[in-house]
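# Descriptive analysis of the structure
Take a look at the letters that make up each chain.
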Amino acid sequence: MATAAIAHDDTHAAGGHPPTTTGLDHKKIAMWAFIGSECMLFASLISTYLIYKGRSLVGPYPHEAWVSPTGQHFNAILNIPVTSMSTFVLLMSSLFMVLAHSAVVRGDRKYSRFWLAMTALAGATFLGFQAFEFTSFVHEGLTIRTNLFGSSFFTLTGFHGAHVTAGVIWLVTLLFIDMKRGLRPDEALNVDLCALYWHFVDVVWIAIFTLIYLIK
Amino acid sequence: MADHSDHGAADAHAAPHGEEHHPTWKTYRWIALILTAITAAEVWIYYIPSFVKSRAFVPVLLTLSAIKFAIVVAFYMHLKYDSKLFRVLFTGPLAIAVLTIISLMFLFGHLAIHS
């Protein structure tokens with residue numbers, strides 16, 4: 001029993017975190033639990049979008065053109081080429097995040113800074129695409145109050161955009177710390193937590209891109 | 001750009017929990033390529049009118065999306081290599097989330113069982 005306890009403590013010491021009953025870092029368990037709860041949050045938002053899909057009484061519509069009673073013509077509002085580009089940028093940001101974490105683990109400050117900056121830049125680019133999309137929608141007559149599609153679309157993608165914004169702030173904070181004093185390999189868990197959050201934001205977008213943008 | 005990552009990515013998520021196997025930089029590069037290829041395929045399918053009208057359109061898109069989702073979770077989030085507790089913490093709520101979406105689709109008549 002005593003040997004087992006000592007072995008247990010050694011494992012914790014190797015893990016770079018205080019002893020825990022599970023042998024796992026509490027922060028990482030908390031992050032996974034948080035991600036689990038976020039799954040249900042986004043499930044509720046996606047459900048709402050899908051339930052209201054095709055039930056808007058007035059346009060503009062996502063995939064079909066629409067002529068208003070006053071004779072005004074509205075094109076299908078979703079811009080698939082632009083959203084495909086932003087999806088690609090977000091997918092690449094996940095690769096950059098993995099490389100940033102890798103650089104922190106091996107104590108390579110030069111590349112940890114570079115890849116953290118690239119990940120934050122890719123996140124900011126995605127947000128730029130989203131700002132462009134929202135602005136163009138408003139110019140084309142779709143706001144959050146226009147119809148059921150507008151309400152559910154802006155709520156869902158807006159919540160996702162808020163998550164990306166939080167992720168970019170987190171990444172910039174880590175970058176700032178790395179530039180100021182350097183992220184040590186024993187602090188890699190802090191980058192790992194940010195990476196988990198970032199990848200989760202990516203997988204949510206994978207679902208949104210297919211369910212909202214591609215399926216007509 | 002490759003050499004600085006080659007040796008490190010293998011250790012990227014190493015050790016705290018005693019896991020032995022972790023993806024290498026080559027694996028991550030392949031994953032990025034596969035994700036890009038699947039996304040390109042999804043968009044390509046979207047622009048084939050005859051396929052969009054077919055019954056296979058939605059199942060194919062959902063399958064491709066699920067594959068991308070699983071790849072990111074398994075490799076980038078390293079759930080494939082991590083503790084079972086993390087898997088439970090993620091897949092449990094995910095299963096509830098998916099069941100909720102499917103149940104609501106049935107409830108509101110977007111899905112139906114034809115006998």
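Given the structure is predicted, the values throughout are model-derived calculations rather than measurements.

## A short note on the overall build of chain B
Across its full length, chain B holds five helices and zero strands. The linear arrangement of helices and strands in chain B, starting from the amino end, is α-α-α-α-α. The buried share among the 115 residues of chain B stands at 28%. Long-range pairs, those at least 24 residues apart, make up 42% of the contacts in chain B with a sequence separation of at least 6.

## Focus on the overall build of chain A
Along its length, chain A carries six helices and two strands. Counting helices and strands in the order they occur from the N terminus, chain A gives α-α-β-β-α-α-α-α. For 216 residues, the compact-globule estimate of 2.2 N^0.38 gives 17 Å, and the C-alpha radius of gyration of chain A, at 22 Å, exceeds that figure by more than 25%. Each of the three principal axes of chain A carries a C-alpha extent, and together these read 80 × 40 × 20 Å. Residues counted as buried form 40% of the 216 residues belonging to chain A. Look at the contacts in chain A between residues 6 or more apart in sequence, and 71% of them connect residues 24 or more apart.

## Topic: the interface of chain A and chain B
Each partner contributes residues to the interface: chain A has 50 residues there, and chain B has 47 residues. Listed by contribution, the elements that provide at least two residues to the side of chain A that touches chain B are α1 (2–15), α2 (26–52), α3 (80–105) and α6 (188–214) of chain A. Residues that form the side of chain A that touches chain B fall into these classes: 29 nonpolar, 15 polar and six charged.

## Concerning the nonpolar core
A:Ala100, A:Val191 and A:Val204 are the most contacted members of the largest nonpolar core, which has 71 residues in total. If sequence neighbours within four positions are ignored, A:Ala100 has contacts with A:Ser112, A:Trp115, A:Leu116, A:Thr119 and A:Val191.

## A few points about α6(A)
Working note: α-helix, 3.6 residues per turn, so residues spaced by three or four point in the same direction. Residue and element names in this part refer to chain A. For α6, which comprises 27 residues, the first-to-last C-alpha distance of 37 Å matches the rise-based estimate of 39 Å (1.5 Å per residue) to within 8%. By the largest-angle criterion, Ile208 marks the main kink of α6, which is about 25 degrees. The element α6 is largely enclosed, with a buried count of 24 among its 27 residues.

## Observations regarding unusual backbone geometry
Its identity is not glycine, yet B:His78 carries a phi of approximately 45 degrees, on the positive side. Within the element layout of this structure, B:His78 appears in the loop between α4 (57–76) and α5 (84–107).

## What to know about helix α2 (residues 25–46) of chain B
Residues and elements named next belong to chain B. Look at α2: 32 Å from first C-alpha to last across 22 residues, which is about the 32 Å you get at 1.5 Å a residue. Turning to α2, its buried residues are Trp25, Tyr28, Ile31, Leu35, Thr39, Glu42 and Tyr46. Considered in projection along α2, the buried side chains sweep an arc of 120 degrees and stay on one side of the axis. Residues of α2 that are exposed and point more than 90 degrees away from the buried face comprise Leu33, Ala37, Ala40 and Trp44.

## Re the confidence of the model for chain B
Residues and elements named next belong to chain B. Scored by pLDDT, chain B has a mean of 82; 77% of the residues are at 70 or more. The low-confidence segment residues 1–20, where pLDDT is below 50, has 46 contacts with residues more than four positions distant or belonging to other chains. Listed scores for the predicted complex are pTM 0.86 and ipTM 0.85.

## Things to note about the confidence of the model for chain A
Residues and elements named next belong to chain A. Summarising the model, chain A shows a mean pLDDT of 88, and 92% of its residues fall at 70 or more. Ranking the elements of chain A by mean pLDDT puts α1 last with 41 and helix α5 (residues 148–180) first with 96. Low confidence marks residues 1–14, where pLDDT is under 50. Its contacts with residues over four positions away, or in another chain, come to 10 contacts.

## As for the packing of α3(A) against α6(A)
Residue and element names in this part refer to chain A. Close contact between α3 and α6 brings their axes to 10 Å; oriented N to C, the two are set at 165 degrees. Between α3 and α6, the crossing angle belongs to the class labelled roughly antiparallel. For the element pair α3 and α6, the recorded crossing hand is left-handed. Residues Ile80, Thr83, Thr87, Leu90, Leu91, Ser94, Met97, Val98, Ala100, His101, Val104 and Val105 of α3 touch α6, and the partners they reach there are Ala188, Val191, Asp192, Ala195, Trp198, His199, Asp202, Trp205, Phe209 and Tyr213. A per-class count over the contact of α3 with α6 returns 15 nonpolar, five polar and two charged.

## Focus: the packing of α3(A) against helix α4 (residues 109–139) of chain A
Residue and element names in this part refer to chain A. With their axes 8 Å apart at the nearest point, α3 and α4 run at an angle of 160 degrees to one another. For the element pair α3 / α4, the angle class is roughly antiparallel. The way α3 lies across α4 gives a crossing that is left-handed. Classifying every residue of the contact of α3 with α4 gives 18 nonpolar, eight polar and one charged.

Rules behind the numbers
Residues numbered from 1 in each chain as written. Chains lettered and ligands numbered in written order. Predicted model: local features only at pLDDT ≥ 70, side-chain atom pairs only at ≥ 80, totals over all residues. Helix = DSSP H or I, 4+ residues; strand = E, 2+ residues; numbered from the N terminus. Buried ≥ 20, exposed ≤ 12 C-beta atoms within 10 Å, placed from the backbone. Contact = placed C-beta atoms within 7 Å. Rg over C-alpha atoms; globule rule 2.2 N^0.38 Å. Nonpolar A, V, L, I, M, F, W, Y, C, P; charged D, E, K, R; others polar. Core = buried A, V, L, I, M, F, W, Y, C linked by C-beta atoms within 7 Å. Expected span 1.5 Å × (residues − 1). Bend = angle between axes of the 7 residues up to and from the residue. Arc of directions from axis to C-beta. pLDDT = per-residue confidence, 0-100. Axes fitted to C-alpha atoms, helices over the stretch in contact; angles between N-to-C directions. Parallel < 35°, antiparallel > 145°, perpendicular 65-115°, else oblique. Left-handed = near helix turned anticlockwise from the far one by under 90°.

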